[in-house]
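A look at the structure
Residues per chain, in single letters:
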Amino acid sequence: MLDLSAVRHQINSMVADHAEGGTAAFDARVRVAVTELQRWSSDWPALQQQLDRSRSSWMVPRIVSGPLAQGCTAPDRPERLSVAATDGSQIFPDRHEISPCYLLNIGYVLLHYGTDERPLLSSRPSLYWRDDDLYPQWGGRRTAINRDMVGFRRSLLELTELAELAAASQAAGHETVALTDGTLVFWGLEGRPPDFRQASLTALVSSFDLLASRRIPIAGYISRPGSPEVVNALRVGICPVEGGADCDRCPWLGQVPPCASVESVSDAVLFRQILQPGERSALFESGSRVLEDYGVHQIFFFYIHAGDEIGRVEVPRYVAEDEELLQLVHATIIDQAAKGGGYPVSLAEAHERAVVRGPEREGFYRHLEEVFVRNDVGARISRKSLRKRTVGV
Amino acid sequence: MTGSEVTGTRSLESFLDSDTRPLSRSPIPDDQDSGPAAARVGEVVESSTTTLIAEARRLHGAPDFGAFVRIESDGQQLVGVVHNARTQSSEPNRRPMAYGKTEAELRREQPQIFELLRTQFEVLVLGYLEGEAMVHRFPPQPARIHSFVFPCDAAQVRVVTEDPQFLRSLLEAPGVPTDELLLATLRHALEQRQGSTRDYLGVMGSELSRVLRDDYDRLSSLIRRMTTWGRGEAS
């Protein structure tokens, strides 16, 4: 149990700190960031040159278009359009439970606009219990699957299933846009065994291949993004070192470097100052290392004023380089956010389909137990789990 | 272990819920349904001996107030009358909200909301059919959950309403808007009788006078409203 009264003091201190965080010092850094963005706004190729010359320790994007300090207004959504979305949720393997199996639940949404056609709202659970599922062999070693891997497998399934759903929709005669919740950059692949990376990338790349071949745009929508990629580029732009920044040999080591003037400002905070509702920012190419293995499908991103919040939208190269598809994604996300009260309605509905709530998880394990007993399969849950269920005084 | 192959050849049907709910979730049009179940108007979702609740096959698709329905349940043919209908969110933690748009606009621009609503109707059990005859007693077993609900055809309505006993069942039923229900069912009964409506109304009127002889105001109000139909409004 949580003693709320005991934590109250700490909450008060935290809130006080936050209130201070939003004070003059931070506002000043935001102003510097805005000024810097304006400075490079139409001169962005020069900033890109500086990025090319520099060796910074931060992840910086490639600037694809400008002007930087100006938004693009949203085109109108085509009257008839279908939006496909998926989301996933899971029951993690729990070794204290009756079986260490795990479950992935994918929610599917296909909404048809401008027609009276019925939408598709559904979910499909998949149970994983075989040895290969629970003790996969990667890099020559068998290890018990962990939450990380299950989460990763889920994200991948969301994407491959979304590609299938969007392709099926398009094949049924609907012009379709595919939306997924979260990033298209599977940075979780970094540091994984090569065979695991390879298998994941094959699924990933073939999803993009499929969508690209049918010319169906896909976009990942990130709500409340925290990344500072564009601000990182500005930091490089601020660096006065001749020949470009080289963070390993920073002359200000141990002191406050000039680029600290925009420190801790996120891209979302920056673009909140630039974008009007409905507008999107210029286009950038993500500099994430993991994308080196994405083949032709490099991931691009832009920020968008979705009405209430600044969201980040990620698209693969074939969308970024196709003006029509890019506009379609922009229009769709603005329209989806307007319909969903600030967050794309298809993603919200996909989440509702996918989510496995606490009581459902309990129900799942109790049912599992019943079936084990009914079939006389010896099964034991751990003393710890048992103890949690029947707590004496 | 990392995900299935991406084929691009799946059909939209392959994304439906694994245990497809034919009532409200499936985007497959209803007219693809065939067989004897095709005429159903609903499916029983709560059941007791005296009353049951059914989910309408279509949104806003409950039978009219006072309409007679038949439930096929485990060899029994239960008969009842619809006394209440409601449409609400099918998700316990979500409530409908106002959008300020017409239904046609909502269907074009917020199509998902109609999938999250359902119409249910309540049925008062009157008895059951035995062959062609109506038995005005509660059935030995309540309708089974997931039994289908069908509208009674004209002949069945005539059989059910032949014996004025059904009026007594309605008058004795708790928790229903009795007089309104009485009049509505009588109108349905009349609609299925061509020609002889005056005689029929006469029989039902005298039965009501017997049952309600101690409540003159109520009786006269009912009779007054029935007489207006006799002047041709309902026939």
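Residues numbered from 1 in each chain as written. Chains lettered and ligands numbered in written order. Predicted model: local features only at pLDDT ≥ 70, side-chain atom pairs only at ≥ 80, totals over all residues.

This part is about the sheet that holds strand 8 (residues 218-222) of chain A. Residues and elements named next belong to chain A. One open sheet accounts for 9 strands, arranged 1-9-10-11-8-7-2-3-4; its pairing is mixed. If you trace the sheet from one side to the other, it starts and ends with strand 1 (62-63) and strand 4 (120-128), each paired once. Relative to strand 11 (residues 310-316), strand 8 is paired through 3 bridges, and the arrangement is antiparallel. If you follow Gly220 over to strand 11, its bridge partner there is Glu314. (Pairing = 2+ DSSP bridges. Helix = DSSP H or I, 4+ residues; strand = E, 2+ residues; numbered from the N terminus.)

Residue and element names in this part refer to chain A. It is at 10 Å that the axes of helix 2 (residues 24-40) and helix 7 (residues 229-238) come closest, and there the two elements cross at 75°. Overall, the two elements helix 2 and helix 7 adopt an arrangement that is roughly perpendicular. From helix 2, Ala33, Glu36, Leu37 and Trp40 reach across to helix 7, where they touch Val231, Leu234, Gly237 and Ile238. Grouping the amino acids of the contact of helix 2 with helix 7 by side-chain chemistry returns 6 nonpolar, 1 polar and 1 charged. (Axes fitted to C-alpha atoms, helices over the stretch in contact; angles between N-to-C directions. Parallel < 35°, antiparallel > 145°, perpendicular 65-115°, else oblique. Contact = placed C-beta atoms within 7 Å. Nonpolar A, V, L, I, M, F, W, Y, C, P; charged D, E, K, R; others polar.)

Now for the domain arrangement of chain B. Residue and element names in this part refer to chain B. Taken domain by domain, chain B consists of domain 1 (17-152) and domain 2 (161-235). Taken together, the 10 residues of domain 1 in the interface contact 11 residues of domain 2. Among the secondary structure elements, those contributing two or more residues to the side of domain 1 that touches domain 2 are strand 4 (76-89) and strand 5 (117-130). Class assignment for the residues of the side of domain 1 that touches domain 2 results in 7 nonpolar, 3 polar and no charged. (Domains from an automatic or database assignment.)

Below, the discussion takes up the confidence of the model for chain B. Residue and element names in this part refer to chain B. Overall, the predicted model of chain B reaches an average pLDDT of 87, with 89% of residues at or above 70. Below pLDDT 50 for its whole length, residues 20-32 participates in 17 contacts with residues either more than four positions away or in separate chains. The ipTM value of the predicted complex is 0.77, and its pTM value is 0.85. (pLDDT = per-residue confidence, 0-100.)

All names here are of chain A. The linkage connecting Gly66 with the following residue, Pro67, adopts the cis geometry, with an omega of -5°. Within the secondary structure, Pro67 is located in the loop between strand 1 and strand 2 (81-91). A positive phi angle, near 45°, is found at Arg224, a position not held by glycine. Looking at the secondary structure, you find Arg224 in the loop between strand 8 and helix 7. Exposure remark for Arg224: the 11 C-beta atoms within 10 Å place this residue in the exposed category. The phi angle at Ser264 is positive, at roughly 65°, despite the residue not being glycine. With respect to the helices, strands and loops of the structure, Ser264 is situated in the loop between helix 7 and helix 8 (267-272). The class for Ser264 is partly exposed, based on 13 C-beta atoms found within 10 Å. (Buried ≥ 20, exposed ≤ 12 C-beta atoms within 10 Å, placed from the backbone.)

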